[in-house]
4 protein chains.
Amino acid sequence: MCGIFGVTDDRNASRLAFIGLFTLQHRGQESAGIVADDGSRLVPYSAMGLVNEIFSKDVLDSLAGHAAIGHIRYSTAGSSDIKNAQPLFFNSALGPLAVAHNGNLTNAARLRADLQRSGAIFQSTADSEIIVHLMARRRGRTLEDTIARNLPLLEGSYSFLFMTPGGMIAVRDPNGFRPLVLGRLGRSHLFSSETCAIDVVGGKTIREIEPGEMVVVRKGAVRSRRFSRPAPLTRCIFEQVYFARPDSVVAGRTVQLTRNEIGAMLAREMKGVKADIVSGVPDSGTAYALGFAGASGIPYQAVFMRNHYTGRSFIQPDQTLREFTAQLKLAPIGGVIEGKSIILIDDSLVRGTTSRKIIASLKRAGARNVHMAIASPAIVSPCYYGIDTPTKEELIANDLTPERIRAYIGADGLHYLSLGSLITACGGGTDRGFCSGCFTGRYPAGRNVKRAK
Amino acid sequence: MCGIFGVTDDRNASRLAFIGLFTLQHRGQESAGIVADDGSRLVPYSAMGLVNEIFSKDVLDSLAGHAAIGHIRYSTAGSSDIKNAQPLFFNSALGPLAVAHNGNLTNAARLRADLQRSGAIFQSTADSEIIVHLMARRRGRTLEDTIARNLPLLEGSYSFLFMTPGGMIAVRDPNGFRPLVLGRLGRSHLFSSETCAIDVVGGKTIREIEPGEMVVVRKGAVRSRRFSRPAPLTRCIFEQVYFARPDSVVAGRTVQLTRNEIGAMLAREMKGVKADIVSGVPDSGTAYALGFAGASGIPYQAVFMRNHYTGRSFIQPDQTLREFTAQLKLAPIGGVIEGKSIILIDDSLVRGTTSRKIIASLKRAGARNVHMAIASPAIVSPCYYGIDTPTKEELIANDLTPERIRAYIGADGLHYLSLGSLITACGGGTDRGFCSGCFTGRYPAGRNVKRAK
Amino acid sequence: MCGIFGVTDDRNASRLAFIGLFTLQHRGQESAGIVADDGSRLVPYSAMGLVNEIFSKDVLDSLAGHAAIGHIRYSTAGSSDIKNAQPLFFNSALGPLAVAHNGNLTNAARLRADLQRSGAIFQSTADSEIIVHLMARRRGRTLEDTIARNLPLLEGSYSFLFMTPGGMIAVRDPNGFRPLVLGRLGRSHLFSSETCAIDVVGGKTIREIEPGEMVVVRKGAVRSRRFSRPAPLTRCIFEQVYFARPDSVVAGRTVQLTRNEIGAMLAREMKGVKADIVSGVPDSGTAYALGFAGASGIPYQAVFMRNHYTGRSFIQPDQTLREFTAQLKLAPIGGVIEGKSIILIDDSLVRGTTSRKIIASLKRAGARNVHMAIASPAIVSPCYYGIDTPTKEELIANDLTPERIRAYIGADGLHYLSLGSLITACGGGTDRGFCSGCFTGRYPAGRNVKRAK
Amino acid sequence: MCGIFGVTDDRNASRLAFIGLFTLQHRGQESAGIVADDGSRLVPYSAMGLVNEIFSKDVLDSLAGHAAIGHIRYSTAGSSDIKNAQPLFFNSALGPLAVAHNGNLTNAARLRADLQRSGAIFQSTADSEIIVHLMARRRGRTLEDTIARNLPLLEGSYSFLFMTPGGMIAVRDPNGFRPLVLGRLGRSHLFSSETCAIDVVGGKTIREIEPGEMVVVRKGAVRSRRFSRPAPLTRCIFEQVYFARPDSVVAGRTVQLTRNEIGAMLAREMKGVKADIVSGVPDSGTAYALGFAGASGIPYQAVFMRNHYTGRSFIQPDQTLREFTAQLKLAPIGGVIEGKSIILIDDSLVRGTTSRKIIASLKRAGARNVHMAIASPAIVSPCYYGIDTPTKEELIANDLTPERIRAYIGADGLHYLSLGSLITACGGGTDRGFCSGCFTGRYPAGRNVKRAK
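Here the structure is a predicted model, which means the values were calculated and not measured.

Participant: How should I be thinking about the side chain of Thr146 of chain D in this particular structure?
Facilitator: Residue and element names in this part refer to chain D. Here Thr146 shows up in helix α6 (residues 143-150). Residue classification places Thr146 among the buried residues on the basis of a relative accessible area of 2%. Setting aside residues up to four positions removed in sequence, Thr146 forms contacts with Leu94, Met135, Arg138, Arg139 and Gly140.

Participant: What am I meant to see in the pattern of salt bridges here?
Facilitator: Once their charged atoms are close, side chains differing in charge can pair, the charge on each being opposite to the other. Here the structure, examined in full by the defined rule, presents 84 salt bridges over all chains. Of the charged contacts, one joins Glu213 of chain B and Arg207 of chain B as a salt bridge, the two residues approaching to 2.7 Å between their closest N and O atoms. Among the residues examined, Glu213 of chain B registers a relative accessible area of 4% and is labelled buried. Its salt-bridge partner being Glu208 of chain D, residue Arg235 of chain D comes within 3.0 Å of it at the nearest N-O pair. Taken as a pair, Arg235 of chain D in strand β14 (residues 234-236) and Glu208 of chain D in strand β11 (residues 204-208) lie far apart in primary sequence, 27 residues in all.

Participant: I'm lost on the interface of chain C and chain A in this one. Help?
Facilitator: Put simply, an interface is often sized by how much accessible area is lost when its parts join up. On the side of chain A, 19 residues touch chain C, which itself brings 19 residues to the contact. Summed over both sides, the interface between chain C and chain A buries roughly 1,500 Å², with carbon and sulfur atoms accounting for 50% of that surface. Among the residues of chain C in contact with chain A, Gln116, Ile121 and Gln123 of chain C are the three that bury the most area, contributing 36% of the side total. Our count for the contact surface shared by chain C and chain A stands at 0 salt bridges. Our enumeration of links across chain C and chain A arrives at 5 residue pairs in polar contact (both at pLDDT 80 or more). For the side of chain C that touches chain A, the elements supplying multiple residues, two or more each, are β5 (88-92), α4 (108-117) and α5 (128-137) of chain C. Residues of the side of chain C that touches chain A, tallied by class, amount to 8 nonpolar, 7 polar and 4 charged.

Participant: For this particular structure, what's the right way to read the relation of the copies chain C and chain A?
Facilitator: Mapping chain C onto chain A leaves a residual RMSD of 0.1 Å; the transformation is a rotation of 180° accompanied by 0.1 Å of translation along its axis. Expressed as a symmetry operation, the mapping of one chain copy onto the other fits a two-fold axis. Comparing interface residues between copies, 100% of those in chain C also sit at the interface in chain A, which points to an isologous, same-surface contact.

Participant: Honestly, the interface of chain A and chain B in this entry has me stumped. Any pointers?
Facilitator: Between chain A and chain B, the residue contacts involve 51 residues of the former and 51 residues of the latter. Summed over both sides, the interface between chain A and chain B buries roughly 4,300 Å², with carbon and sulfur atoms accounting for 65% of that surface. Taken together, the connections running from chain A to chain B amount to 0 salt bridges. Broken down by secondary-structure element, the contributors of at least two residues to the side of chain A that touches chain B are α1 (13-23), α3 (57-62), α7 (195-200), α9 (255-269), α11 (319-322), α12 (325-329), β19 (330-332) and α13 (334-337) of chain A. Sorting elements by how many residues they give to the side of chain A that touches chain B places α1 of chain A first, with 6 residues. Classifying every residue of the side of chain A that touches chain B by side-chain character gives 25 nonpolar, 18 polar and 8 charged.

How each quantity is defined
Residues numbered from 1 in each chain as written. Chains lettered and ligands numbered in written order. Predicted model: local features only at pLDDT ≥ 70, side-chain atom pairs only at ≥ 80, totals over all residues. Heavy atoms only, no water. Helix = DSSP H or I, 4+ residues; strand = E, 2+ residues; numbered from the N terminus. Buried < 20%, exposed > 50% of the residue type's maximum accessible area, 1.4 Å probe, protein only. Contact = heavy atoms within 4.5 Å. Salt bridge = Lys/Arg side-chain N within 4 Å of Asp/Glu carboxyl O. Buried area = accessible area lost by both parts, 1.4 Å probe. Polar contact = N/O pair within 3.5 Å; in protein donor to acceptor, adjacent residues only side chain to side chain. Nonpolar A, V, L, I, M, F, W, Y, C, P; charged D, E, K, R; others polar. Least-squares fit on C-alpha atoms with pLDDT ≥ 70 in both.

Structure below.
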């Protein structure tokens, strides 16, 4: 996952982009970048690390201008390279152009090979560069035409922010996989992956960008056009389950309330299960557990103390410390665990290794038994639209029955929320409105052979 | 506040001290240090910053030995100086000696002046150096004798760890202001400001060090002696209210449960107050709010999203961003606040400026009304025993009536927990066992003219 | 100016490249980079700064392989950008390809515009990227064919090193503006801008690469082919006057001896001038002064003490210190200057500002009079082939007569070496073998409108 | 060796001290520090590294005041510790006090032990701290009295600068081992280890501080008093041979001229030796070689190219590179060496290992034969007065005859300058005025058992 943020028509554009990215930091911690538009020139700055470490006062001062786009990138194994840090920035026949991308193209490998065969030279291994090469070769009358003409060549998921001196263009793919919202702050227009960033900069959220829509801001005016008929909306349900900040509004409801509701759904599905307390794996599990507690009458209690001083740079110094790592970050609170029967809620269960460690640490701290409740169905297939799930082989639910998973993680019970309940709690109709590829193996926009993140 | 941690008889002593300090990081973020004992030599390392930033694998490798003591120091305005980073390390007629101190001496200024007059040269402005100068001049037959002979000259609060090649000595002042516990891990003895650090390294807490007690570990054996008759126990109640980690055990009970109980006490004292939801100021307020919810039936809901990516280094780049700072760190969750009547709990109210900002941000997010509930009595007088409260003049309750404080912070109601309820919830008898100087102005061990932290 | 170095067939290729670049450091201090070839992959690393600061043991370890090319870049105002650091590295239809370039293309602006018009996207503002875009579009049967086919499109000066997995190709432009030599070390082939780097890695210089020649090393074998008929050789005479290290061999003679000879030529041309001592502006002026002393009988004496601790990072902290800067780096040695008549030799006189400061400092230190002798003719026109001379307007000799220049710099006399003497001393025939564009305004390979460095 | 510099009565005192230390950098590269006096407070700053790296504009801004003293420290194996960086800074009954020291106390170990026995606690292992402890315990009516009363307790060599708010005191030991000069710049008084630093800040040298003299500057006025009868002057001759910058004046003559004269003395002593060229080991050897050339008629030629980009931080990355280290820093200039008979001059010969490497590299580069000429006598005994010579066992001349040394270093001839010639060239009378302990084993002020640097 990644996060993107754009600001127009404000002389503090880069500072607002900085605040926006800082608020979206949960969507990616590998790298961050801002490109500022001073009216005639684009000034880029990106680096590996956290927003707050990268953008000092001096750097922000160097990013003067009235518009800016920013990007934060998720850390994925093996592809850590400053060349992939976004926004990407290009000089070409299109003039100066910056691009920020959230998503994953399923036909990237083929498009890249075709372009290279005809002489294109790539700077990065990012999918996001492909659209610019296409645009540089198939140009329309205006930049908007050029974009609209080339987007239909892309398959997969994408929310893009494009910026040239004097103009910003936001697009969302025809399926609406990845989020993108439009906001306002005074005379300024804002684009953001989530509403929370618009709130924190002091703006108002106007609406979501529609699937297949292109929104253009130029000279203070905003225009909308379609570059594609919308496909059936299939937004990614994991935004509500895991990625989005609790204070963001997704699909019309504050995410924290959606999670409370999911917790209540779990309580209904698990009516027979008895326990002394219900708790969640921090931080996302807490909202589920409070919803569960309200619906079930089982009291909520925090059972883990999370240490927030680990930072991005926390690397266990060596083998000697490896055994401590789990409890360094997540220490069981012995005094509330000992002798208790506990329902523990987590958002999802991917490989099972983390659950296994966490349950073991509760048992060592004296838990009588632990029922694991998962706020989503079993994940049986990878994501091809931008979420960094492991390969099919590493997905524990691809291989094992729920009973064997329960045994593997050492729980006394294991319950997955049903897909129907999840979609209902998230505000969808009968299996409509959401992509459920990872739960069902049915993919609304193809899959790529060589899966990218 | 500061935190101290000691380990004996383990060939990974420095690594265990590192984990201990990391777990005590909430007690101080300015500097951290470890001194290792390799049997014949003491090897010191300290730096400004967080434990996790300071101690790399290479640094820990350089701190070889079978024993170690560590210290983390609280950040206080104006005294940031690496020379004050602890453990302090000295070469003198006592041989190599390291000292870690948590506390504040009320007669420091006088002792320092006397010592200088007789030729002593000080390295730091830390109180902690005074005891070593006293010891270097009034030496006993053994190091223990030397310590025992000089401690009675000190007034105020202190928990000390002393280390020489082959020996470690822990002492706690006769009033027991500051915490210090003894633990074991295999053949190793552990000393820690809090039990949570003993838990995280995998050890067992044995007991508190007694007020006026000296515990000596040498050649694997532990011995106890008294250097003073105990004064009436007056432990600092703010450990339970604010400083201690929720998973630590203080005065025989897990702090999280004590805080739940304090929340319940508040609910009882505020029986008449109606509200839609009860919430807490993160992170410490949450446990109070959950206790309040359980006792009152008013549902708990999180109303703030805390951004944990700020880190120690977060400095608003400039004036332009100052207005955003509060909501950058603590964003109101609009979707659960709008139109609601809210009881909001915080651990204490010192200057009132933070409460004022927080309540304003709830009101901007649409709260109908906000009742502020404080989990402790009004603070009317500074602390002279090691907590970094502001001067009397800056304490809002020193000047204003509760009604005027309520008006200043913009709340629709304000309730302070009574001292009786607080002490009862913390496990004390009638005004016994706790220092209540900051609530009452009555100080059990004198006060210093020039207040230090 | 820049420096390039290549190594084949040695398992310490990157380390040898590091030593080579370190030895060529005088040719550029802005950035340095090495690309290693591990047989199947190219691994690049470059950074701003000095060779010795950039390549730590860890970095060199990461650059494993049996071949490597390296580049150091000259610091020029305004274009400091890590994107321009070389070797450039590309993924394209040509496969992985690294390029290191010393020189300047006079038709770069036109080629770049043409390429962009047909959809090319550039990563950098370096001329050096143009050849790769040309190659990606006009591909031959082999990489050598592709290079040979596209080089004739380039105008200006270039010495290139190309590297692909398993192959290294060196080329020198048909005029031979920039130097490039071939060496051997055991089974390894070496390419270097100067012979001194081949000496320091322990190798033997074989010969210069010929103008218009392409040398290919593959599977341990070296082959030569021509991609162009050689134009009349017009090597840059400033290599001998200023750039090359005294221990390099250029045009068949050790540079230090050439400079002694130039000094002797000056002495002959200045036969009438009387002086107590002759000296040089450190460091390059010393060899001229010693040659002058030998030929004239006027004793040599060092009159300046150069402080070598300034480093690349020396920035006068502020205005207050600006007046000290000259004497901080170059302090006059008062005891040998006072009352003396001095002939002072410098390699060239460009703007005149440095000479003015230096002569003033000699006068302040008590020099009776100072005759300035310049080891080259007056520079009246910029360089278009890679030397960072200022614009025509800033060249003092473009405007002023020698007599007015003498007055401006505050000298009691001023003598420029004649072009004939310079070429003779450098080993050339009558105005043959050297480019004299900067002295005459006659350019052997065109000039670019927008002059680059 | 170390260097010290002091400035009074200038509002840019710290900046002048910075320039002074920068100019004295050749005297020590391990650490540097400045203490500024703002009239009421002393502000210290020191760090490991070079002057130019340590003192940024921000740091200098923080060192505001009208007076400052600075210190640079020589790097010696094993004692690299920021605690030993000077100026040392103390708070004691003497008030704030800063001390900078160049020298070595021969009775340090005994004084330290005595002080510790009576309760003193030391911050550092620096000798320089001892004087302050003595002063804190044996105080006079004024600071000057206190200093004058305690200095006679010290044995060995010392030039000290003391600074308190409003006052600066300079002293030089009764033997005058280490240099210290007084200068003026406008209303400001300057103290410096060498005159070159006074020149570079734009000041005038007034005179040397006399052996046994104390110079006090207070309220713009300078006063002199004696704290001891002067012992016979025994200045260290290695200042002129090796340490001092060529542009400093020592014992009344510019060091470069003294070195020319020493070279001429060598030429006279070696009248029979034939050679094609004479050269020096850079940088100090050059002045000797030029003096030799003038006296002998054998032409001078530079035979080594010194690479100045190594910096303090140059560490050969690993074993693989170790063989290159010598030629990386000092590359033989093959073209002037091949087939030549060479007289090579170095300032001194200590262990012989460097000479051996250098001669081998000349031979590899084709030298027909190499006569080594040393600009000082054989060193047979360590220095106890502040020069970092190795132990007696490591001194090659302690063990071996000149003929065996010649064989060991691989020279075709070896000549040491006679002590008489050296002293004459340095301006002394018959064995008078200089310490010759290292050449003779006769020490004018005792020796310490445990030698310090």
